[in-house]
Amino acid sequence: MSAMLANSRRNYWRERGAIDMQGMVSVKNLTKTFVSKEETVKALNNVTLTTPNNRILTLLGPSGCGKTTLLRCIAGLESPDSGEISIGDEIVWSKTHGISLPPERRGIGMVFQSYAIWPHMTVFGNVAYPLQIRKTPKQEIEERVKKILDLVQLSGFENRLATKLSGGQQQRVALARALVAEPKVILFDEPLSNLDAKLRESTRQELRSFLTELAISAIYVTHDQVEALTISDEIAIMRGGVIVERGTPQDIYLRSNNPFVVDFIGRANFLEATVKGYQDENHAIVSCALGDIVCSAPSDLAPGTGVTIYTRPESFEVAPSSSSPMENEFEGTVTDLLFAGEAHEAEISVGGARILAKLKFHIPLKKGDKVRLHIDREWCRALAPGEEA
Amino acid sequence: MVPRPGPRGGGITVLERKSALRFPLVGILILVVGALTVGPVVMLVVGSFSEGIGALGKFTIDKYVAAYTDPVLPKTLLNTVIFTIGCASFSTILGGLLAYLSVRTDIPFKGLFRVLPVVPMMIPHVLFAAAWITLLNPTNGMLNLFLRNIFKLSSGPFNIYSLGGMIFLEGMLDLPVTYLVISPAMYSFDTTLEEASWVSGASNLYTLRRITLPILRPAFLATFTLAIIRSLASFAVPSMVGLPGRIHVLTTHVYRIISIGWSPDYGRAAAIGLIVLVAAIILVYLYRYLIAESSQYVTVTGKGYRPTVVELGRARYPLFFLCILLFCFLVVIPLATLVYMSFLPYSMVPSARAISMMSLRNWHTVLANPITVRALKNSVFLAVVGASLAILLSLFVAYVIVKVRSRGSAFLESLSFLSFSFPGMIIGVGFMWFLVQTPLYATIWGLLVAYVGTYLPYGIRPLRSAFMQIDQELEESARVFGASFLQALKDIVVPLLAPGVISAWILTACMFIRELSVSAVLSRPGTEVLTVEIMKLANDGLWGQVAALGIIMIGLSTVLVLVANLLRVPLSHAE
């Protein structure tokens, strides 16, 4: 993203004077059940959620977890069974108050998975549509569409038929259309899943910087963990119609309290451990197959409690051989070694357990080697007992 | 390169053997299909410039002069335009509504809705028209009599012998076709396009006007065009309703030229027929263009989120009953009328007296008449033998179109597509000129050839899509393991194809049983067929016999369908 472009985006934001976009979406006790011939599915089970203003919140979860249903309920494309939804300070749906605003009166923008670009209209026609409905003067429509197309780098494409564009360009038309009427909040329904892998990666970054620069309130639905981690300010993880955990990407990745989340969001080594004591409020000393380890932990575990700790394969590093042993160092044997492009994936046997570690290339390794590894205390985490995966 | 011996058959490679076998196949097919489809068209052109059926090749333009200075022609053309546009509008709107209700809304008994609009295809058009005539004719139509009694009217209120009556009947008969063309467009319609509009702030009505209808426009226009083609070619309703009502359209105009008066003028018929043919060909290309256009609007959809179902709310059951009423109009009322009429000496409103007068006399008369019995035999022969030959030929053509990608196969495809538009009545006149030159003239085989030629596209189309569903590699692997081309065809392709072939056979056989327009031109004493006999009985006002013979005819189709379905079971086990 060029500096000039970033600048023009900041200007766009200032011109609009849209500091407070009232983009807070709050959902209370939302329930939605789908009934089909074979089964009844609780797509949303008493979900309560308040999204942050001017930030990107991602709803992440495996397919069928209810994330898209939640998004569509917020958009008004789906009717919940019970609960309440408000956008900004306006209640848009409420069972008890008997309020049900149709989607067109909720003041939102949305980017669809299929982009939903209208095939019979040009790029200009697609982007101008929301303004035409609002009876914006012609002159102003032209100016605003031009400005927003500049912003998404589609100037000069105004008169093309929108369906004649590439996937990435269509995606940007969809984004421009969602932005042009300055909605309170923008909803994204897996907007990148129709792009090929390489384009997806670059678009992800563009979208992230774009949205943060405009300081837009956005709710973003995806099933792709990496996408969620890179694009979000906050992530809410859903499973079986329930939000199981919410936090910043770092929290979710490194300091989760939910074994399902740990497993879903990336690869992890799980080890049985016993709490020995606390080093400070957030760090416990546990005893496990790696020896005695300091790890981040919930602050209320009694000594002697059996817990599960988890580590990410890429958080291990080979300990410098010269220095004296540091905290969280242990020795293991390489039992298997896989070449995986950017690193080795090594299976290490230690204290009767096997762990997977991603190790850099500059240390020569082969099967059967003894190796000393180190892991930072922040990168291993004790899960509170009782959380079921 | 030194040719190496193939696995079998010395000194000739698989590839060479393949082309050696396929080239004559494509060539022969082009000859046969060309003779059957282009042949009659060429003869129609030649005939229109000839002095008479016995004087082929003696050049004259008299026929054109006579045909186009005919004082009734302008009125006929105007009638045709009103009739075709009326039918097309009526059936497109009806088909569009039904498709919308069954695909996009929560109307009750959805499964039923996928079947109902197609059921009327089973009813022969002649009978459909006959039933409604006995209900709505101005003198003693049963419904008219009934309404007159209630409202104390001296005449009316309905007159089926009018352009409105013709449009009403033909429009309903075209409904299955329009429904079948529109509903795929409704299915593939990406509902997120509408959602995107709502989210942008547009109301339902605005979305319908700016998004839904414009996107569906090409599909609607294509359907409309197809309905125009169908009603332009239609003969049953114009002859049953239009002739007595003296409302002539082009097909009946041509029919009058060859059937009324002392010497039928096939040259003048050909001269008029040519403009109908040209119009139909132009329309069918327009149709092809519109279908291509509408498929351009089909966007790649994402994960296939269940499309939003439009909730009808309180209108749900009223709309459902409206559809049921329509179905009654299409099937129940005509069938019930026919059954009822077949037991009565003349039409009368159901009453105690009517019941007391019921007898089997019509049935006895029909079955004792040697001509109708012969017509029955002929129709069965044409359906069974004709459909079998047509399907056999279609099989080869469809195979070549799908599997052999060459200029020859492309030519075959456009031939079969082109003849799809040919109106039966006009092509019948072409066949007349054609068959007179052969010993087949006035034999049942002549009719058979004309049937196969005219309706070949209807056999090729379903088989073509059946072939497309069979992966090329299945056949290729048989070749690799040592089967010859014909062996692979027999062992692999045919068994996989069997269900599709049987369906196509049923369709073709039923179509041949209710064929009217070609037969009306070519049927001669000795080669009578059921539909033409029914038409003659109707002309004489013998509605009871029409009904009895009609029910026999519907029974025949049903038996055909049942027998073919019984055959399907062991064949599909062979897979």
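Definitions and limits used
- Residues numbered from 1 in each chain as written.
- Chains lettered and ligands numbered in written order.
- Predicted model: local features only at pLDDT ≥ 70, side-chain atom pairs only at ≥ 80, totals over all residues.
- Heavy atoms only, no water.
- 1 Å grid on protein atoms, 1.4 Å probe; cavity = no way out; pocket = protein on both sides within 12 Å on 5 of 7 lines; lining within 4 Å.
- Points joined across faces, edges and corners; volume = space filled by probe spheres on them.
- Helix = DSSP H or I, 4+ residues; strand = E, 2+ residues; numbered from the N terminus.
- Nonpolar A, V, L, I, M, F, W, Y, C, P; charged D, E, K, R; others polar.
- Buried < 20%, exposed > 50% of the residue type's maximum accessible area, 1.4 Å probe, protein only.
- Pairing = 2+ DSSP bridges.
- Axes fitted to C-alpha atoms, helices over the stretch in contact; angles between N-to-C directions.
- Disulfide = S-S within 2.5 Å.
- Phe/Tyr/Trp six-rings, centres within 6.5 Å; stacked < 30°, edge-to-face > 60°.
- Lys NZ or Arg CZ within 6 Å of the ring centre and 35° of its normal.
- Salt bridge = Lys/Arg side-chain N within 4 Å of Asp/Glu carboxyl O.
- Contact = heavy atoms within 4.5 Å.
- Buried area = accessible area lost by both parts, 1.4 Å probe.
- Polar contact = N/O pair within 3.5 Å; in protein donor to acceptor, adjacent residues only side chain to side chain.

Draft legend 1. Main features of empty space enclosed by the protein. All names here are of chain B. Under the counting rule described, the total for this entry stands at four cavities of 30 Å³ or more. In this model, the second largest cavity occupies a volume close to 70 Å³. Around the second largest cavity, the lining residues are Leu98, Phe113, Leu116, Pro117, Cys323, Ile324, Leu326, Phe327 and Leu330. Sorting elements by how many residues they give to the lining of the second largest cavity places helix α13 (residues 316-341) first, with five residues. Taken together, the residues of the lining of the second largest cavity sort by class into nine nonpolar, no polar and no charged.

Draft legend 2. Focus on the side chain of Gln170 of chain A. As for its placement among the helices and strands, Gln170 of chain A is situated in helix α5 (residues 167-179). When its relative accessible area of 16% is taken as the criterion, Gln170 of chain A is described as buried.

Draft legend 3. Fine view of the sheet that holds strand β19 (residues 353-359) of chain A. All names here are of chain A. On the basis of which strands lie adjacent, the open sheet formed by five strands has the order β16-β20-β17-β18-β19 and antiparallel pairing. Each edge of the sheet is formed by a strand with only one pairing partner; in this case those strands are β16 (316-318) and β19. Neighbour to neighbour, the strand axes of the sheet diverge by 50° on average, direction disregarded. Of the pairings in the sheet, the one linking strand β17 (residues 329-339) to strand β18 (residues 344-350) comprises six bridges and is antiparallel in character. Across the sheet, residue Thr333 finds its bridge partner in β18, namely Ser349.

Draft legend 4. Looking closely at the state of the cysteines. Summed over the entire model, instances satisfying the criterion amount to zero disulfides over all chains. The thiol sulfur of Cys295 of chain A is not disulfide-bonded, and the nearest other cysteine sulfur, from Cys380 of chain A, lies at 5.1 Å. Using a relative accessible area of 0% as the deciding quantity, one classes Cys295 of chain A as buried. Between Cys328 of chain B, a cysteine without a disulfide, and Cys323 of chain B, which holds the nearest cysteine sulfur, the sulfur-to-sulfur distance is 11 Å.

Draft legend 5. Summary view of the packing of aromatic side chains. Residues and elements named next belong to chain B. Here the structure, examined in full by the defined rule, presents 25 aromatic pairs over all chains. Note on Trp132 and Phe329: the rings are 5.5 Å apart at their centroids and 45° apart in plane angle, and the pair reads as tilted. Of the two residues, Trp132 sits in helix α5 (residues 125-136) while Phe329 sits in helix α13, which places them 197 residues apart along the sequence. The exposure class assigned to Phe329 is partly exposed, which follows from its relative accessible area of 26%. The structure contains a cluster of three or more aromatic residues connected by ring pairs, namely Phe420, Tyr451, Tyr455, Tyr458 and Phe512. Its end group placed over the ring of Phe420, Arg461 keeps NZ or CZ at 4.6 Å from the ring centre.

Draft legend 6. Examining the pattern of salt bridges more closely. Throughout the structure, instances matching the rule amount to 26 salt bridges over all chains. Residue Arg208 of chain A pairs with Asp233 of chain A through a salt bridge whose shortest N-O separation is 3.0 Å. Of the two residues, Arg208 of chain A is situated in helix α6 (residues 197-214) and Asp233 of chain A in the loop between α7 (225-231) and β10 (234-239); the sequence distance between them amounts to 25 residues. The partner of Asp106 of chain B in a salt bridge is Arg316 of chain B, and the shortest N-O contact between them spans 3.8 Å.

Draft legend 7. Inspection of the interface of chain B and chain A at higher detail. The interface is formed by 29 residues belonging to chain B together with 31 residues belonging to chain A. Buried surface at the junction of chain B and chain A, both sides included, amounts to about 2,500 Å², of which 59% is carbon and sulfur. Where chain B packs against chain A, one counts one salt bridge. One salt bridge in this structure joins Arg72 of chain A and Glu195 of chain B, with 2.6 Å as the shortest N-O distance. For the pair chain B and chain A, the interface holds nine residue pairs in polar contact (both at pLDDT 80 or more). Across the side of chain B that touches chain A, the residue classes break down as 12 nonpolar, 12 polar and five charged.

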